[in-house]
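# Per-entry structural report
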Amino acid sequence: AQSVAQPEDQVNVAEGNPLTVKCTYSVSGNPYLFWYVQYPNRGLQFLLKYITGDNLVKGSYGFEAEFNKSQTSFHLKKPSALVSDSALYFCAVRDMYNFNKFYFGSGTKLNVKP
Amino acid sequence: KAGVTQTPRYLIKTRGQQVTLSCSPISGHRSVSWYQQTPGQGLQFLFEYFSETQRNKGNFPGRFSGRQFSNSRSEMNVSTLELGDSALYLCASSLHQGEGDTEAFFGQGTRLTVV
């Protein structure tokens with residue numbers, strides 16, 4: 001079975017500082033990993049994905065994620081946080097056999113303070 | 001290119017009633033999936049439709065059903081509503097089925113409140 005875990009309910013960071021939102025995964029086989037962001041009363045917006053290849057994946061709005069197979073992690077990062085980055089972030093893994101079925105983490109609320 | 005459109009955006013229903021939610025995928029996308037989002041359970045997969053056929057189903061009671069039309073638009077129906085069905089229902093569309101590197105695009109959701 002596939003699953004992802006986001007160990008932090010909330011992350012607080014000052015504007016201009018680097019941010020990290022953590023995600024660990026559990027899959028049998030090679031994982032297809034995704035990050036989505038959700039703003040209040042909105043749907044999910046795709047940020048980036050890891051399928052194969054380079055362990056550092058670059059995505060939208062200056063976000064990137066580092067895939068670490070030995071630690072089974074896929075942490076989301078940004079070198080310099082903006083107040084507008086404040087939102088709910090979800091890590092997700094795609095089902096190995098049903099590619100349009102995702103398993104989502106519980107979400108991490110990112111608060112960026114000015 | 002228009003995104004995924006869900007209607008209505010907000011809905012208030014009474015316990016015992018039924019409700020139908022609609023989702024129009026991105027043009028050309030043939031796969032539509034539905035998710036339920038609640039504060040307690042997070043995001044949970046309901047079902048997926050591809051070419052008018054249900055391909056996958058999550059662990060939800062039979063009160064939750066759906067269908068897909070020939071133009072790929074999808075509807076989900078919840079009968080005999082319960083208070084616990086109050087949630088944000090999200091629809092996602094994908095270009096293909098069976099393409100692992102294809103991301104899903106989500107609509108803004110329908111906020112259902114059961115009173």
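Now for a quick tour of the structure. Each chain carries its own residue numbering, running from 1 in the written order of its sequence. Whichever chain is written first becomes A and whichever ligand is written first becomes 1, with later ones labelled in order. Restriction of local features to residues with pLDDT of at least 70 applies here, the model being predicted, together with a cutoff of 80 or more for giving and counting side-chain atom pairs; totals for whole chains, interfaces and linings are based on all residues. To obtain the side-chain values, all non-hydrogen atoms of the structure were included, while hydrogens and water were left out.

### Topic: the overall build of chain B
In DSSP terms, a helix is any run of H or I states spanning at least four residues, a strand is any run of E spanning at least two, and both are numbered starting from the N terminus. Each helix and strand in chain B was counted, giving zero helices and eleven strands. For 115 residues, the compact-globule estimate of 2.2 N^0.38 gives 13 Å, and the C-alpha radius of gyration of chain B, at 13 Å, lies within 12% of that figure. If you line up chain B on its principal axes, its C-alpha atoms span 40 × 25 × 25 Å. Any residue under 20% of the maximum accessible area for its type is buried, any over 50% is exposed, and the rest in between are partly exposed; the area is computed with a 1.4 Å probe on protein chains only. Burial analysis of chain B (115 residues in total) assigns 50% to the buried set. We call two residues in contact when some of their heavy atoms are within 4.5 Å. If you take every contact in chain B between residues at least 6 apart in sequence, the share linking residues at least 24 apart comes to 54%. Here the open area of atoms and residues is found with the Shrake-Rupley method and a 1.4 Å probe, where only the protein chains shown may cover a residue. Accessible area for chain B stands at about 5300 Å²; split by element, carbon and sulfur atoms hold 46% of it. With C-alpha atoms as the basis for the radius of gyration, the globule rule is written as 2.2 Å multiplied by the number of residues raised to the power 0.38.

### Regarding the environment of Ser-65 of chain B
Residue and element names in this part refer to chain B. With respect to the helices, strands and loops of the structure, Ser-65 is situated in strand 7 (residues 64–68). For Ser-65, a relative accessible area of 31% puts it in the partly exposed group. For the pair formed by Ser-65 and Met-76, sequence separation is eleven residues and the distance between their alpha carbons is 5.6 Å. Leaving out residues up to four positions away in the same chain, Ser-65 has contacts with Phe-47, Tyr-49, Glu-75, Met-76 and Asn-77.

### Comments concerning the state of the cysteines
Residues and elements named next belong to chain A. Cysteine sulfur pairs qualify as disulfides if the two atoms are within 2.5 Å. What the rule picks out here adds up to two disulfides over all chains. Here Cys-23 connects covalently by a disulfide to Cys-91, the sulfurs 2.0 Å from one another. Taking the sign of the S-S torsion, about -60° here, the bridge from Cys-23 to Cys-91 comes out left-handed. Remark: Cys-91 occurs in strand 10 (residues 87–94) and Cys-23 occurs in the loop between strand 3 (19–21) and strand 4 (24–26); sequence separation between them is 68 residues. Across the pair, exposure class does not vary: Cys-23 and Cys-91 are buried alike.

By themselves, these figures tell us nothing about what the structure is for.
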